[in-house]
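# Residue-level structure breakdown
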Amino acid sequence: MTKDLRVNADRMLASFNQLALIGATAEGGVNRPTFSEAHLAARKWFREEIERSGLEFHTDGAGNHSAILTCQPSNIQTLLLGSHLDSVPDGGRFDGALGVISALEVLRTVKENGIRLNVNLEAIDFTDEEGTLVGLLGSAAIASHLKPEMLQNPRGGRENLVAGMKRAGLSDESMLSAARPKESLAGYLELHIEQGKRLERAGINIGIVSAIVGIWSYRLSFIGRADHAGTTTMEDRLDASLGASSFTLAARELVLKEFPNCVVNVGKMDFAPGAFNIVPARVDVALEFRSPDEEEFKRLNTALLLLANTEATQFGLELKIEFLGKHSPSIMSDVVQKMYADSCEALGLTHVSLTSGAGHDGQSLADLCPTGMIFAPSVEGASHSPREFTKWEDCVNGANVLLQTALRLGM
Ligand SMILES: [Zn+2]
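Residues numbered from 1 in each chain as written. Predicted model: local features only at pLDDT ≥ 70, side-chain atom pairs only at ≥ 80, totals over all residues. Heavy atoms only, no water.

### Considering the packing of helix α2 (residues 37–52) against helix α3 (residues 97–112)
Our working definition: Angles run from 0 to 180 degrees between N-to-C directions of axes, and those axes are lines fitted to C-alpha atoms, restricted for helices to the stretch in contact. We count a stretch as a helix when DSSP gives it H or I for four or more residues in a row; a strand needs E for two or more, and each element gets its number in order from the N terminus. Just so you know how the angles are binned, under 35 degrees is roughly parallel, over 145 roughly antiparallel, 65 to 115 roughly perpendicular, and the rest oblique. Each crossing is labelled by how the near helix is turned from the far one, with a counterclockwise turn of less than a right angle marking it left-handed and a clockwise turn marking it right-handed. Residue contacts follow a heavy-atom distance rule, with two residues in contact if any of their heavy atoms lie within 4.5 Å. Classification used: nonpolar for Ala, Val, Leu, Ile, Met, Phe, Trp, Tyr, Cys and Pro, charged for Asp, Glu, Lys and Arg, polar for all others including Gly.
Between α2 and α3, the least distance of the axes is 11 Å, while the angle of their chain directions is 10°. With respect to each other, α2 and α3 are oriented roughly parallel. Crossing of α2 against α3: the hand is right-handed. The segment α2 lies against α3, with Trp45, Phe46, Glu49 and Ile50 engaging Val100, Ile101, Leu104 and Arg108. Split by residue class, the contact of α2 with α3 holds six nonpolar, no polar and two charged.

Shown next as structure tokens:
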């Protein structure tokens, strides 16, 4: 009976531990930025592990690496499962790696039990999820979201991208050729660590992601007047730092009180002229806010800009607003969420619906095919750090939910 099927936890652990040695750091994490020596070594290991498992290896123009289990040679539809093997600098062992290893383990389990699904299965390692070079690069390429200009002016710098692609045997042209037709995909499933404390705090086994938040960003400039910091009285100053600081505090209060599903961040303030003895004439504020809901986004946007105006006026300052861009929230498939919930119930695991505050490859795939993510609890919520840890039992629970959901979707 397929409902009694479970992944081989020991085999999965052996693979996970081998992978964690590649790019391992003294602090217990891994350092595998995209197309670094360690990342290329991890990709090579994954390819060999696929072949050792008797699965078919596949790569595309974006450098995505996949294991393929053909169940129906005549069926062109593929159910994708996966995550990423790259890491942030000095990252943890679980981010991305858990999703790739558990996806591979699902394919091995289905294969050794001789189950013939109605779709083919593919366990994929997406290129550059973390954004060393571009961010969500491999998944954006598959989903036709990758545009030539994104390769010309990438966040990691064009030179680094060109050098990295060369090391991996890729090019701009190959990257842009990796798009897949919508009808070729039956869905996308991903297991990831939560990277927050909600599951651990609530003592719940599995988080089922309802949406991946969107991000809007602005540069706000509070503009006053430079004056002598010793001779100008406090009353006479047009101090730009007061507007910027006051806005930062008030934005926190606003989100805490009125937008409980959102977060706001002032990540940077640049002071000009920027000296001990000059009243700040101008402060540029890097503002970012995130929401899982488009309507809420618009309300938060209006409220934050109004607040910035109010705070500027209060201190006699001028306000300049520069919109820097936005990513819309990605809504996960209702059908897949329901299947994840059913799988959890059948496995006797507790589950809760939550949003993802971090970006993931599922964002790229959400408008291409039915997409759904699950989270396993992160101890102390630590992530993007060598302290990142998820109990092995929780990793295995997540892999079994992934397996059972793949079976439900593929039957
Ligand atoms: Zn990740």
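What follows continues from the structure just given.
### Considerations on the coordination of the zinc ion
Reference values for angles at a metal are 109.5 degrees in the four-donor tetrahedral case and 90 or 180 degrees in the six-donor octahedral case. The condition is simple: A donor here means an N, O or S atom no more than 2.8 Å from the metal, or no more than 3.2 Å when the metal is Na, K or Ca. Since water is not included, a site may seem to lack partners. Think of it in three bands: residues with accessible area under 20% of the maximum for their type are buried, residues over 50% are exposed, and the middle band is partly exposed, with areas taken using a 1.4 Å probe on protein chains only.
In the first shell of the zinc ion, the protein supplies His84 (NE2), Asp95 (OD) and His192 (NE2), at 2.0 to 2.1 Å from the metal. The sequence pattern describing where the donors of the zinc ion fall on their chain is H-x10-D-x96-H. Of this pair, Asp95 sits in the loop between β3 (78–83) and α3 while His192 sits in strand β5 (residues 185–193); the two residues are 97 residues apart in sequence, bridging distant segments of the chain. On the accessibility criterion, Asp95 (6% relative accessible area) is buried.

### Topic: helix α13 (residues 392–410)
So the rule is basically this: Helix span, as expected, comes to 1.5 Å for every residue beyond the first.
Taking 1.5 Å as the rise per residue, α13 with 19 residues should run 27 Å; its terminal C-alpha atoms sit 27 Å apart, in good agreement. Counted residue by residue, α13 has 15 buried out of 19 residues, so it is predominantly covered.

### Observations concerning the environment of Ala312
Counting through the fold element by element, Ala312 comes out in helix α10 (residues 294–314). By relative accessible area, Ala312 is classed as buried at 2%.

### Overview of the nonpolar core
Threshold: Each nonpolar core is a collection of buried residues, namely Ala, Val, Leu, Ile, Met, Phe, Trp, Tyr and Cys, held together in the definition by side-chain atoms within 4.5 Å.
One finds Leu81, Val110 and Leu121 to be the most contacted residues of the largest nonpolar core, which totals 55 residues. In this structure, Val110 is in contact with Leu69, Ile115, Leu117, Leu121, Leu403 and Leu407, ignoring residues within four places of it in sequence. Core analysis: the next-biggest nonpolar cluster, separate from the first, contains 27 residues, Leu220, Phe259, Ala312 and Leu319 among them.

### Some points on the sheet that holds strand β9 (residues 282–291)
Inclusion rule: DSSP bridges decide pairing: two strands pair if at least two such bridges lie between them.
The strand order β8-β9-β7-β10 describes an open sheet built from four strands, whose pairing is antiparallel. At either margin of the open sheet sits one strand with a lone partner, and together these are β8 (263–272) and β10 (318–327). Across the sheet, the mean angle separating the axes of adjacent strands is 15° when strand polarity is ignored. The pairing of β8 with β9 spans nine bridges and is antiparallel. Within the sheet, the bridge partner assigned to Lys268 lies in β9 and is Ala286. Along the sheet, helix α9 (residues 240–258) makes contact with β7 (214–223), β8 and β9, crossing β8 at roughly 175°. With respect to the sheet, α10 is in contact with β7, β8, β9 and β10, its orientation differing from that of β7 by roughly 10°.

### Quick notes on the packing of α3 against α13
Viewed as axis vectors pointing N to C, α3 and α13 meet at an angle of 50°, and their least axial separation amounts to 9 Å. Compared by their axis directions, α3 and α13 come out oblique. The chirality of how α3 crosses α13 is right-handed. Note on element contacts: α13 touches α3 through Cys395, Ala399, Leu402, Leu403, Ala406 and Leu407, opposite Leu98, Ser102, Ala103, Val106, Thr109 and Val110. Taken together, the residues that form the contact of α3 with α13 break down as 10 nonpolar, two polar and no charged.

### Notes on the pattern of salt bridges
Stated formally: Here, a salt bridge means any Lys or Arg side-chain nitrogen found within 4 Å of an Asp or Glu carboxyl oxygen.
The full count for this structure, using the stated rule, is 20 salt bridges. Notably, a salt bridge pairs Lys44 with Glu48, separated by 3.1 Å at the nearest N-O pair. Taken together, the residues span about one helical turn, with Lys44 and Glu48 both in helix α2 at a distance of four residues. On the basis of relative accessible area, Lys44 is assigned to the exposed category, the value being 53%. Taking relative accessible area as the criterion, Glu48 reaches 31% and is therefore assigned partly exposed. Where Glu122 meets Arg180, a salt bridge forms, and the shortest distance between an N and an O atom there is 2.9 Å. Within this pair, whereas Glu122 is found in strand β4 (residues 120–125), its partner Arg180 is found in the loop between α7 (172–176) and β5, the two being separated by 58 residues in sequence. Each member of the pair, Glu122 as well as Arg180, carries the same accessibility label: buried. Three or more residues joined by partner-sharing salt bridges are found here, namely Arg11, Glu49, Arg52, Glu105, Arg108 and Glu112.

### Overview of the side chain of Ser246
One can find Ser246 in helix α9. Setting aside its immediate chain neighbours within four residues, Ser246 contacts Glu311, Gln314 and Phe315.

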